[in-house]
Amino acid sequence: MKNRDNSSYLEKLIYLAVEREKEPVSGANSRVDLIMGRVNELAIQSRFEARSLSPRLAFLYGLSIAATVLIGCFIGNMALPANSLQFSYESLDFIHLNFTNFFLPF
Amino acid sequence: MKDLDKVIERILVGETELFRLLVDCYHHKVFVLIRGFVHQEQDAEDLTQETFINAFVSLGSFKGKAEFSTWLYRIAVNTTYSFLRKSQREKMSPFLASENGKENEKEKGKSPYQQTSERQINEFIYKEIDRLPNNQRIAFVLSRVDGMSQKEIAKVMGVSVSAVDSLVQRAKRKLKEKLKLIIDEK
């Protein structure tokens with residue numbers, strides 16, 4: 001009983017209680033595998049999300065579509081089938097749809 | 001440290017499998033640290049897993065100013081505290097692994113009286129650790145992680161080394177006082 005009043009005895013009890021929680025657990029390796037599985041899942045997900053449409057990418061897509069339409073209209077305007085094949089301009093008028101007039105007013 | 005930085009760089013570039021090196025290296029330490037707060041093996045395992053996933057998600061924010069372990073332990077403490085706040089486990093009495101049907105090897109040679117007595121004392125100690133003021137509790141639990149210097153604890157807690165020393169001493173003194181009372185009662 002005298003021994004129990006001793007500070008080092010109390011310290012030992014605390015030490016033992018804490019040490020008990022340090023004991024390695026069984027199945028730690030499977031836990032590591034579980035963590036890695038989740039990590040790989042997240043990595044794949046982040047890669048996929050990185051490829052999805054961002055505002056910057058949407059702007060670039062929009063810009064490239066506009067440029068393509070613009071070039072198409074320009075070429076179309078330069079080589080009108082009515083001029084090259086000597087068709088009646090009026091008969092092919094429906095092709096224009098006023099796009100060229102809007103983008104290239106000449 | 002430089003090797004670790006290179007490993008982290010490579011993980012960030014996309015070599016995700018290298019993260020296993022970090023998990024292998026720190027898994028047990030993080031588990032011990034978290035178990036010091038929650039005491040239950042299952043919860044500690046789940047929180048260890050959550051800690052590593054949180055670390056992976058925010059690995060890009062690791063600038064290498066502090067050591068990786070310091071950064072990781074801080075995530076572990078934050079993850080544990082948010083869990084404790086959420087589940088209000090701080091007020092619940094902890095259970096030992098043996099109470100969940102797992103008999104400890106060390107207990108096999110002891111009489112049932114000895115086992116119960118030791119278990120009660122351990123349970124009492126864990127309860128008193130939970131009752132310590134937060135900063136004392138964190139300092140005390142961190143000081144029990146193997147290989148963790150007071151300097152590292154100070155970095156994790158964002159306080160001075162002398163403050164850590166004082167917090168650990170106060171925590172120990174308080175625990176001894178409480179323990180002495182219960183032993184005297186017996």
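Model, not experiment: these values are computed from the prediction.

*Asks:* I keep staring at the overall build of chain B and nothing clicks. Help me out?
*Replies:* Across its full length, chain B carries eight helices and zero strands. Start at the N end of chain B and walk to the C end: the helices and strands fall as α-α-α-α-α-α-α-α. Counting every position in chain B, which comprises 186 residues, the buried fraction comes to 33%. Long-range pairs, those at least 24 residues apart, make up 62% of the contacts in chain B between residues at least 6 apart in sequence.

*Asks:* Mind showing me how you'd approach the confidence of the model for chain A here?
*Replies:* Atomic detail in the predicted coordinates should be set aside for any region of low pLDDT. For chain A, the average pLDDT comes to 74, and 64% of its residues sit at 70 or higher. When pLDDT is averaged over each element of chain A, helix α3 (residues 55-78) of chain A comes out on top at 87 and helix α5 (residues 99-103) of chain A at the bottom at 53.

*Asks:* What should I look at first to understand the interface of chain A and chain B in this one?
*Replies:* Where interface size is quoted, it is often the accessible area lost as the parts come together. With 24 residues of chain A at the contact, the number on the chain B side is 28 residues. Those elements that provide at least two residues to the side of chain A that touches chain B are α1 (7-20) and α2 (28-51) of chain A. Looking at the side of chain A that touches chain B element by element, the count peaks at 11 residues for α2 of chain A. For the side of chain A that touches chain B, the residue count by class is 15 nonpolar, two polar and seven charged.

Basis of the calculations
Residues numbered from 1 in each chain as written. Chains lettered and ligands numbered in written order. Predicted model: local features only at pLDDT ≥ 70, side-chain atom pairs only at ≥ 80, totals over all residues. Helix = DSSP H or I, 4+ residues; strand = E, 2+ residues; numbered from the N terminus. Buried ≥ 20, exposed ≤ 12 C-beta atoms within 10 Å, placed from the backbone. Contact = placed C-beta atoms within 7 Å. pLDDT = per-residue confidence, 0-100. Nonpolar A, V, L, I, M, F, W, Y, C, P; charged D, E, K, R; others polar.

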